[in-house]
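Here is how the chains run, residue by residue.
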Amino acid sequence: MNPFDPALLLLVCRSVFKLNPLRLPLFLLVCFSLSACNAPPKTVRPSPQPIKGGLSFNQLVLKQTDQQGRLVWQLQTKSANYTQDRKRVQVKGLEGELFQAGKATFKLKAPQAEVQEQGDQLVLRGAIVVTDLVSKGVFTAREFEWQPQTDTLLARNQPRLQYAQVQITAREMRANRQTKVISARGQVVADSPRSKLRLLTQQLEWRTEGDEILAGGTGSAAGVVVQRLSPTATETADRAEGGQARYNLKTQTVILQSPAQIRLAKPDLQINGEQFTWQIAQQQVFSGGPLEVRSASQGVTVRAAQGAMNLADQQVELKGGVKAIGERHQSMLQTDQLIWRLPEEEITAQGNVFYRQQKPPLTVRGNRAIGNLQDQEVTVTGGTVTQIIP
């Protein structure tokens, strides 16, 4: 027997009316309320025919499938209110999944949101959290757009991405499930907690399978700033700039190029060149091309064809056409190879050494030299030829 059968309700109503006529409206209200509460959740699919007037639902389920009948998205809500134009739905208690080839790849959740369909695309607005079910990364943003034809998730309006390896903020982000690339545009900040490294740029791509981040590029707004933060992450310890940077999250290695500059706090150095490899964990910097190294505190600038810097030992090794200049007295030393020990303010030159100073004016040639260039305390040995200039 159906408890909400009209004939049965009428019979009960007559009995109630005989007992107390004032109770009949209240009884009818309770009956209709019970009927509404026992209604099953509704499943709504996109309809080509617009329905005039706003509609409200409880326990609403929204689904979309592709031509093969596979799910593209599925959303569950505790309550939903359709706008009069039937183009948007205001929902509360939103939970759902986005699918790729019939398999769930993203899970989303929001206390309340606006849902809008644009052709075969889904747009969500609100304080939404999206979890990557494959890599376990978490996106947050005020607006998401799911583009199922290209398997692309677009995040706008305060987007933030948090993975174990890196956290990224930007104006806009895209996650493509086919190429496994996450791209970010506009005021991008990427933090690597493991190496205490921060990338600042206008455009960034993360190849998630290769653990490689590409920042910067060509164009007027291109470029990247790399900051190595202090252990407490409260201030910048070292800083680098370049037209482009590649950062490997696994090896903690940064490759800067086009052109590049590194400014170190300890040791006090500024390094300029076309390309550098900066190994963060090993505290080493390499350059396979021409470079210039300058210490402002010691007043010494050195140029060479290639070089390597050990930041832990505060030592610089330079090779190929090395030219060192002491800025205070304009003393100059040329050689094939040079080792610069910064704590001792001492240089050691090897091969085809040529030394020149202004006061007193003299030049010296030899095979080896050691000393302090800034104070003009240099000893040249090995086949020495000295010329005093009158």
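Residues numbered from 1 in each chain as written. Predicted model: local features only at pLDDT ≥ 70, side-chain atom pairs only at ≥ 80, totals over all residues. Heavy atoms only, no water.

Draft legend 1. Up close: the pairing of strand β17 (residues 253–264). In this structure, strand β16 (residues 236–248) lies alongside β17, joined through 9 bridges in antiparallel fashion. Within the sheet, the bridge partner assigned to glycine 242 lies in β17 and is alanine 260. Where β16 folds back onto β17 in an antiparallel hairpin, the turn is made up of 4 residues, including glutamine 252, whose phi is positive at roughly 55°. For β17 and strand β18 (residues 269–279), the ladder comprises 10 bridges, and the chain directions are antiparallel. Bridging across to β18, leucine 256 finds its partner in phenylalanine 276. Remark: 4 residues form the turn of the hairpin made by β17 and β18, two consecutive strands paired antiparallel. (Pairing = 2+ DSSP bridges. Helix = DSSP H or I, 4+ residues; strand = E, 2+ residues; numbered from the N terminus.)

Draft legend 2. Examining the environment of threonine 208 more closely. Examined against the element boundaries, threonine 208 turns out to sit in the loop between β13 (197–207) and β14 (212–216). For the pair threonine 208 and leucine 249, spaced 41 residues apart in the sequence, the C-alpha separation amounts to 9.8 Å. Beyond its immediate sequence surroundings of up to four residues, threonine 208 is in contact with Lys180 and Ile182. Of note is the side chain of threonine 208, whose polar atom sits 3.0 Å from the backbone oxygen of lysine 180. (Contact = heavy atoms within 4.5 Å. Polar contact = N/O pair within 3.5 Å; in protein donor to acceptor, adjacent residues only side chain to side chain.)

Draft legend 3. Quick look at the pairing of strand β5 (residues 103–118). The sheet contact formed by strand β4 (residues 88–100) and β5 spans 12 bridges and is antiparallel. Bridge pairing in β5 places glutamate 95 opposite lysine 109. Hairpin connection between β4 and β5: a loop of 2 residues separates the two successive antiparallel strands, and alanine 101 in this loop has a positive phi of roughly 55°. One ladder, built from 10 bridges, connects β5 with strand β6 (residues 121–132); its direction is antiparallel. Counterpart to alanine 113 in the pairing with β6 is glycine 126.

Draft legend 4. Main features of the confidence of the model for the protein chain. Of the residues in the protein chain, 83% reach a pLDDT of 70 or more, and the chain-wide mean stands at 83. A low-confidence stretch, residues 1–53 (pLDDT under 50), is modelled with 39 contacts involving residues beyond four sequence positions or located in other chains. (pLDDT = per-residue confidence, 0-100.)

Draft legend 5. Structural detail: the pattern of salt bridges. Across all of its chains, the model carries 20 salt bridges by this definition. Taking the shortest distance from any N to any O, the salt bridge between arginine 88 and glutamate 114 comes out at 3.7 Å. Separated by 26 residues along the polypeptide, arginine 88 in strand β4 and glutamate 114 in strand β5 bring together distant segments of the chain. Looking at arginine 88, the relative accessible area reads 28%, which means it is partly exposed. Close ionic contact of arginine 228 with aspartate 238 constitutes a salt bridge, the shortest N to O distance being 2.7 Å. Residue arginine 228 is located in strand β15 (residues 224–229), and its partner aspartate 238 is located in strand β16; the two are separated by 10 residues in the primary sequence. Salt bridges sharing common partners tie together Arg88, Glu114, Arg125, Glu143, Glu145 and Arg156. (Salt bridge = Lys/Arg side-chain N within 4 Å of Asp/Glu carboxyl O. Buried < 20%, exposed > 50% of the residue type's maximum accessible area, 1.4 Å probe, protein only.)

Draft legend 6. View of the environment of glutamine 257. Tracing the chain through its elements places glutamine 257 in strand β17. The spacing of glutamine 257 and phenylalanine 276 is 19 residues in sequence and 6.5 Å in space, taken between C-alpha atoms. With residues up to four places along the chain from it excluded, the contact list for glutamine 257 reads Gly242, Gly243, Gln244, Glu274 and Gln275. In this structure the side chain of glutamine 257 is engaged in a polar contact, spanning 2.8 Å, whose partner is the side chain of glutamine 244.

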